Amino acid sequence: MDNCPTLGQETLYVRLKVINTIAALQMLLKPVKSAAQKIALVPTMGALHKGHISLLKLAQQKADVVVCSIFVNPTQFTDPKDLEKYPRPLEHDIRMLEEAGCDVVFMPAVAEMYPEPETWHIDLGPAEFLLEGAFRKGHYQGVTQIVKKLFDAVDPDIACFGQKDFQQILMIRQMVAHFGMQLEILSCPIIREEDGLAMSSRNIHLSPADRKHALVLSRALNYVQENFSTAAIDELLSDARAMITATPGVDLDYFTIANGETLQPVADKSAPDLVALVAAKVGETRLIDNILLP
Ligand code: AMP
């Protein structure tokens with residue numbers, strides 16, 4: 001599976017296997033399993049950026065074979081317009097995965113993952129309904145449904161997720177515990193643009209003005225972290241919220257300092273596992289971000 005030489009000026013990689021069906025994926029991975037090699041899965045919805053690639057790099061360190069999935073999962077979208085306009089630059093994505101040395105990209109059609117309509121409901125605990133769950137009803141049922149299907153299809157030893165979607169990792173850990181699945185869930189740090197904006201597939205929808213205004217989210221999070229030792233939680237929250245609401249074109253959904261396990265708001269700064277989380281609509285684009293405290 002070496003890189004093949006050049007065609008014109010361009011190097012073509014033949015290492016990456018592009019797979020569309022669960023059957024083909026399982027056939028490809030069978031010898032890997034038989035040889036007791038480790039498989040890591042990096043689930044994505046595509047429109048890949050350096051944040052996704054950082055997950056892939058961690059996966060490569062931890063496993064022998066890395067599978068990246070690209071699937072825009074309809075069941076986790078609450079707004080059909082958001083689903084419709086979700087970016088799908090497939091050629092760009094495949095090129096990025098080739099260049100990063102990914103082994104397999106799994107890109108199923110919707111009918112492959114959902115051959116029949118199905119209902120899914122599992123108990124994800126009370127944190128399901130907080131923060132993102134309160135603004136996007138049913139979102140984590142959709143997320144855990146597709147992640148379970150991907151885990152069943154790949155049967156990975158390891159799966160990598162970004163801390164960028166902080167609540168998502170908690171929900172996936174709940175789902176894994178619910179089914180008693182045997183795999184390791186790894187959380188990877190948030191990759192940011194140089195000016196602090198958390199990388200996101202949705203950032204391409206930001207106009208130049210939105211892009212500037214969106215910086216207030218990481219600025220407010222940094223403000224809270226920098227002043228954590230000296231200011232009270234109430235003060236930090238009201239300052240951070242005021243920074244955001246004073247920014248034109250930014251519509252704040254929530255800014256909270258919460259327990260990193262339960263996501264319940266916290267008033268005591270000495271509590272362990274604290275995280276500040278924010279979500280806001282910037283222009284027409286909803287963004288989320290967070291920072292671990294202190
Ligand atoms: P998505 O394609 O947006 O569903 O994201 C796929 C995975 O990449 C999820 O585990 C995300 O948390 C992770 N991810 C997205 N953005 C970033 C980022 N800026 N830094 C690190 N991981 C990220």
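For clarity, every value in this text was computed on a predicted model and none was experimentally measured.

1. Observations regarding the overall build of the protein chain
Part 1: From N to C terminus, the protein chain includes eleven helices and eleven strands.
Part 2: For a compact globule of 294 residues, the expected C-alpha radius of gyration is about 19 Å, and the protein chain comes in at 20 Å, within 12% of that figure.
Part 3: Each of the three principal axes of the protein chain carries a C-alpha extent, and together these read 55 × 50 × 35 Å.
Part 4: The 294 residues of the protein chain split such that 52% are buried.
Part 5: Restricting the contact set of the protein chain to residue pairs at least 6 apart, pairs at least 24 apart contribute 71%.
Part 6: As presented, the protein chain carries roughly 14,300 Å² of accessible surface, and 54% of it is formed by carbon and sulfur atoms.

2. Some points on the site of the ligand
Part 1: Residues in close proximity to the ligand total 17 residues, the closest being His52, Gly162, Asp165, Ile191 and Met199.
Part 2: Between the ligand and the protein, one listed contact pairs an oxygen atom with a side-chain N or O atom of aspartate 165 at 2.6 Å.
Part 3: One of the backbone N or O atoms of isoleucine 191 is found 2.9 Å from a nitrogen atom in the ligand.
Part 4: When isolated, the ligand has an accessible area of 480 Å², and the protein chains bury 93% of it.
Part 5: Of all the secondary structure elements, the ones that give two or more residues to the shell around the ligand are β4 (39-44), α2 (50-62) and β7 (158-162).
Part 6: The element contributing the most residues to the shell around the ligand is α2, with three residues.
Part 7: Taken together, the residues of the shell around the ligand break down into nine nonpolar, six polar and two charged.

3. Section: empty space enclosed by the protein
Part 1: Scanning the entire structure with this criterion turns up one cavity of 30 Å³ or more.
Part 2: Considering only enclosed or pocket space, the largest cavity measures out at about 60 Å³ in volume.
Part 3: In terms of lining residues, the largest cavity is bounded by Lys164, Leu197, Ala198, Ser200, Asn203, Ala214, Leu217, Leu287, Ile288 and Asp289.
Part 4: Residue contributions to the lining of the largest cavity peak at three residues, all from strand β11 (residues 285-293).
Part 5: Along the lines of polarity and charge, the residues of the lining of the largest cavity split into six nonpolar, two polar and two charged.

4. Points about helix α7 (residues 139-154)
Part 1: End to end, α7 covers 23 Å across 16 residues, agreeing with the expected 22 Å (1.5 Å per residue, within 8%).
Part 2: Following α7 by one or two positions, aspartate 155 adopts a phi angle in the positive range, close to 50°.

5. A few points about the pairing of strand β5 (residues 65-70)
Within a regular beta strand, the side chains point alternately toward one face of the sheet and then the other, so they alternate between its two faces.
Part 1: Buried residues dominate β5, accounting for six of its six residues.
Part 2: Burial along β5 is two-sided: the face carrying Val65, Val67 and Ser69 and the face carrying Val66, Cys68 and Ile70 are both buried.
Part 3: Note that β4 and β5 share six bridges and pair parallel. Counted as the bridge partner of threonine 44 is isoleucine 70 from β5.
Part 4: Pairing analysis gives three bridges linking β5 to strand β6 (residues 104-106), with the strands arranged parallel. Across the sheet, valine 67 pairs through a bridge with valine 104, a residue of β6.

6. Some words on the side chain of aspartate 210
Part 1: The topology assignment puts aspartate 210 in helix α9 (residues 208-213).
Part 2: No salt bridge is formed by the buried aspartate 210; its nearest oppositely charged neighbour, lysine 85, is found at 8.8 Å.
Part 3: Not counting residues within four places of it along the chain, the set of residues in contact with aspartate 210 comprises His205, Val282 and Gly283.

7. So, the packing of helix α10 (residues 215-226) against helix α11 (residues 233-245)
Part 1: One can describe the packing of α10 onto α11 by two numbers: an axis separation of 9 Å at closest approach and a directional angle of 160°. If you check the angle between α10 and α11, you find them roughly antiparallel. Handedness of the α10/α11 crossing: right-handed. On α11, the residues that touch Val216, Leu217, Arg219, Ala220, Tyr223 and Val224 of α10 are Leu236, Asp239, Ala240, Met243 and Ile244.
Part 2: Taken together, the residues of the contact of α10 with α11 break down into nine nonpolar, no polar and two charged.

8. Here's the deal with the sheet that holds strand β10 (residues 274-282)
Hydrogen bonds between backbone atoms are what pair the strands of a sheet, whose relative direction is either parallel or antiparallel.
Part 1: Strands sit in the order β9-β10-β11 across an open sheet of three strands; the sheet is antiparallel. Two strands bound the open sheet, and with one partner strand each, they are β9 (250-259) and β11. Going from strand to strand, the sheet's axes swing by 15° on average, the running direction of each strand aside.
Part 2: When β10 meets β11, the two strands line up antiparallel, connected through nine bridges. Bridge assignment links alanine 276 to a residue of β11, and that residue is isoleucine 291.
Part 3: Along the sheet face, α10 touches β9, β10 and β11 and points at about 15° away from the line of β11.

So, how was this worked out
Residues numbered from 1 in each chain as written. Predicted model: local features only at pLDDT ≥ 70, side-chain atom pairs only at ≥ 80, totals over all residues. Heavy atoms only, no water. Helix = DSSP H or I, 4+ residues; strand = E, 2+ residues; numbered from the N terminus. Rg over C-alpha atoms; globule rule 2.2 N^0.38 Å. Buried < 20%, exposed > 50% of the residue type's maximum accessible area, 1.4 Å probe, protein only. Contact = heavy atoms within 4.5 Å. Areas by Shrake-Rupley, 256 points an atom, 1.4 Å probe, with all protein chains shown as cover. Near = heavy atom within 4 Å. Polar contact = N/O pair within 3.5 Å; in protein donor to acceptor, adjacent residues only side chain to side chain. Nonpolar A, V, L, I, M, F, W, Y, C, P; charged D, E, K, R; others polar. 1 Å grid on protein atoms, 1.4 Å probe; cavity = no way out; pocket = protein on both sides within 12 Å on 5 of 7 lines; lining within 4 Å. Points joined across faces, edges and corners; volume = space filled by probe spheres on them. Expected span 1.5 Å × (residues − 1). Pairing = 2+ DSSP bridges. Lys, Arg positive; Asp, Glu negative; His and termini not counted. Salt bridge = Lys/Arg side-chain N within 4 Å of Asp/Glu carboxyl O. Axes fitted to C-alpha atoms, helices over the stretch in contact; angles between N-to-C directions. Parallel < 35°, antiparallel > 145°, perpendicular 65-115°, else oblique. Left-handed = near helix turned anticlockwise from the far one by under 90°.

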